[in-house]
Amino acid sequence: MKKTLLYQAHLRHGGRMVEFAGHALPLQYTSIVEEHLAVRRGAGLFDVSHMGEFLIRGREALAFLQWATANDAAKLKVGRAQYSMLPNARGGVVDDIYLYRLAEEEYLMVVNAANIAKDFAHLKELSRGFAVELTDLSEETALLALQGPKAASLLQGLTDADLSQRKKNDVFSARVAGRSARLARTGYTGEDGFELFLAPEDAEAVFEALLEAGATPAGLGARDTLRLEAGFPLYGHELTDDTNPLCTPWAWVVKKEKDFHGKEAMLATPCAERLIGLVLEVGIPREGYRVYSGDRAVGRVTSGGYSPLLERGIALAYVEKEAQEPFFVEVRGRKAGASLSPLPFVPLK
Amino acid sequence: MDIPKDRFYTKTHEWALPEGDTVLVGITDYAQDALGDVVYVELPEVGRKVEKGEAVAVVESVKTASDIYAPVSGEVVEVNTALEKTPELINQDPYGEGWIFRIRPLDIGHLDDLLDAAGYQEVLESEG
């Protein structure tokens, strides 16, 4: 199991370490619910150094990315970022990613920790014939996420950048707590916030400075409840190698007017299922629980849990395309009423 | 971890407190701490006959669901309905307000088969 650069810092702050994608990371420090609410109401700080980072540069970097990703990378100006996906040859999803344009011919791709090796091999293969160079920077990049309505004001006290001039999905270089950092106004919580790419030797000093300034350390538990409440997919759950993204709420990512790897297969695959959000009347839904429409089993929960804001169990579930309300989720042999919810589950800014 | 000496324990981290001819049941401080934020409790029906070791209630934290087993055989005579609205009582006061159900045992003498505080302490130490 790999230890991130902040392993000792997590222990010092009371982190309960668990294994996630081969890394020892804090599940929580004090309480998942408290950390969740700190992010919704204040500012929470996550160590997400387990995520993968690939540098993609060269004369044909854009042409390559247009081929390898589903979103329109040509829309990205220097200093801007977008959510995207890596389709496979069958039109499924190799991974969902974030793409940052750092310079004219230089991009940074952030990928899921569990998929680093798979993604890199896939991209390497696809890059044949393109004048492009791929470098895996995952081992030498620390990544922190400062998230919440107070993230900007808290960070402003520690940086020379004027954050009021920085919009969602901007990426830029700045000093933070006296260290060089690349900042992006992005995140995975549904809140305003920043992600900070750091050199390994700077990670701990910046982590401590942000906590000192008032951020609440937050673990993987809150990261999952926050993304679920925000209605974001988690790779391996809502998105897989066999998921057609056109059958999901994230179909907007796929730009059909451009050509990309796997496009024809994706367009040719009909949607047998759709992904819905459910709020339970009682109980906590968990991954794998069966979903019913009336008496008929029509699908399954892919992510389930507790929403600290709604104080209810919530779930993302795949159901048969035509399945209609009333929905129920089978919780330990009993059917709990579940109402259809728009995503995100809670109002977010 | 707090382990009061006035009651009995199971290896599965329930406590059992004799009160007259009934036994109050809850989970230990260690168990609530390991579970984390308790957000839902599925209570048994009053009147249900249960066997020792039978799953009687379910405590759900944010991350997981955990069965609560009957420490003795008998009949469920009361449940802590306060947990329906405030399941976090289990975190806040696991040995008091966070009790889960009350059993009238077939034989109160069967409590002697359970662990005492020192025995439960050893279980925790062996679990590391």
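Here we summarise the structure given alongside this text.

Examining the sheet that holds strand β7 (residues 65-69) of chain B
Backbone-to-backbone hydrogen bonds pair the strands of a sheet. The strands run either parallel or antiparallel.
All names here are of chain B.
Argument step 1. Within the open sheet, the 3 strands sit side by side as β4-β6-β7. Their pairing is antiparallel. Whereas interior strands pair on both sides, the edge strands pair on one side only; in this sheet they are β4 (38-42) and β7. The sheet shows a mean angle of 25° between the axes of neighbouring strands, direction not considered.
Argument step 2. With 4 bridges connecting them, β4 and strand β6 (residues 55-61) associate as antiparallel partners.

Considerations on empty space enclosed by the protein
All names here are of chain A.
Argument step 1. One pass over the structure, following the stated rule, counts 1 cavity of 30 Å³ or more.
Argument step 2. Surrounding the largest cavity, L25, P26, F46, D47, V48, A218, G219, L220 and R223 form its lining.
Argument step 3. Secondary structure elements with two or more residues in the lining of the largest cavity: β3 (23-28), β4 (44-47) and α7 (220-229).
Argument step 4. Within the lining of the largest cavity, the residues separate by chemical class into 6 nonpolar, 1 polar and 2 charged.

Concerning the sheet that holds strand β19 (residues 327-331) of chain A
All names here are of chain A.
Argument step 1. Strand order in the closed barrel formed by 6 strands is β15-β18-β17-β16-β19-β20, and the pairing between neighbours is antiparallel. The average angle at which neighbouring strand axes cross in this sheet is 45°, direction not considered.
Argument step 2. Pairing analysis gives 8 bridges linking strand β17 (residues 296-307) to strand β18 (residues 312-320), with the strands arranged antiparallel. Counterpart to G299 in the pairing with β18 is V319.
Argument step 3. Strands in contact with α7 are β17 and β18; relative to β17, the strand with the most contacts, it is inclined by about 125°.

Observations regarding the interface of chain A and chain B
Argument step 1. Contacts between the two partners involve 14 residues from chain A, matched on the other side by 13 residues from chain B.
Argument step 2. Each partner contributes to the roughly 1300 Å² buried at the junction of chain A and chain B, and carbon and sulfur atoms together form 48% of this total.
Argument step 3. A per-residue breakdown of the area chain A buries against chain B is headed by A:R16, A:R286 and A:R332, which together make up 41% of the total.
Argument step 4. On inspection of chain A and its partner chain B, the count reaches 5 salt bridges.

A closer look at the side chain of A:R227
Argument step 1. Here A:R227 shows up in helix α7.
Argument step 2. At 2.8 Å, the side chain of A:R227 forms a polar contact with the backbone oxygen of A:F232.

What about the environment of A:M1?
Residues and elements named next belong to chain A.
Argument step 1. By the element assignment, M1 lies in the segment before β1 (2-3).
Argument step 2. M1 gets classed as exposed once you look at its relative accessible area, which sits at 63%.
Argument step 3. For M1 and F64, which are 63 residues apart along the polypeptide, the C-alpha to C-alpha distance reads 33 Å.
Argument step 4. Setting aside residues up to four positions removed in sequence, M1 forms contacts with E19, G22, H23 and A24.

Focus on the state of the cysteines
Each disulfide consists of a covalent bond between the sulfur atoms of two cysteine residues.
All names here are of chain A.
Argument step 1. For the structure on display, the rule yields 1 disulfide over all chains.
Argument step 2. In this model, C247 is linked to C271 through a disulfide, with the two sulfur atoms separated by 2.0 Å. Across the disulfide from C247 to C271, rotation about the S-S bond amounts to roughly -85°, and the bridge is consequently left-handed. Taken together, the residues C247 in the loop between α7 and α8 (263-268) and C271 in the loop between α8 and β15 (273-280) connect sequence positions 24 residues apart.
Argument step 3. A residue is classified by how much of its surface remains accessible, and C271, at 25% relative accessible area, is partly exposed.

Some remarks on unusual backbone geometry
Argument step 1. The peptide bond linking A:E325 to A:P326 adopts the cis configuration, its omega dihedral lying at 5°.
Argument step 2. Examined against the element boundaries, A:P326 turns out to sit in the loop between β18 and β19.
Argument step 3. With omega at -5°, the peptide bond leading from A:L343 into A:P344 counts as cis.
Argument step 4. Here A:P344 lies in the segment after β20 (334-341).
Argument step 5. Despite not being glycine, A:N169 shows a phi value in the positive range, around 70°.
Argument step 6. By the element assignment, A:N169 lies in the loop between α5 (151-156) and β11 (171-176).
Argument step 7. The phi angle at B:H13 is positive, at roughly 75°, despite the residue not being glycine.
Argument step 8. Locating B:H13 in the fold gives a position in the loop between β1 (8-9) and β2 (14-19).

Definitions and limits used
Residues numbered from 1 in each chain as written. Chains lettered and ligands numbered in written order. Predicted model: local features only at pLDDT ≥ 70, side-chain atom pairs only at ≥ 80, totals over all residues. Heavy atoms only, no water. Pairing = 2+ DSSP bridges. Helix = DSSP H or I, 4+ residues; strand = E, 2+ residues; numbered from the N terminus. Axes fitted to C-alpha atoms, helices over the stretch in contact; angles between N-to-C directions. 1 Å grid on protein atoms, 1.4 Å probe; cavity = no way out; pocket = protein on both sides within 12 Å on 5 of 7 lines; lining within 4 Å. Points joined across faces, edges and corners; volume = space filled by probe spheres on them. Nonpolar A, V, L, I, M, F, W, Y, C, P; charged D, E, K, R; others polar. Contact = heavy atoms within 4.5 Å. Buried area = accessible area lost by both parts, 1.4 Å probe. Salt bridge = Lys/Arg side-chain N within 4 Å of Asp/Glu carboxyl O. Polar contact = N/O pair within 3.5 Å; in protein donor to acceptor, adjacent residues only side chain to side chain. Buried < 20%, exposed > 50% of the residue type's maximum accessible area, 1.4 Å probe, protein only. Disulfide = S-S within 2.5 Å.

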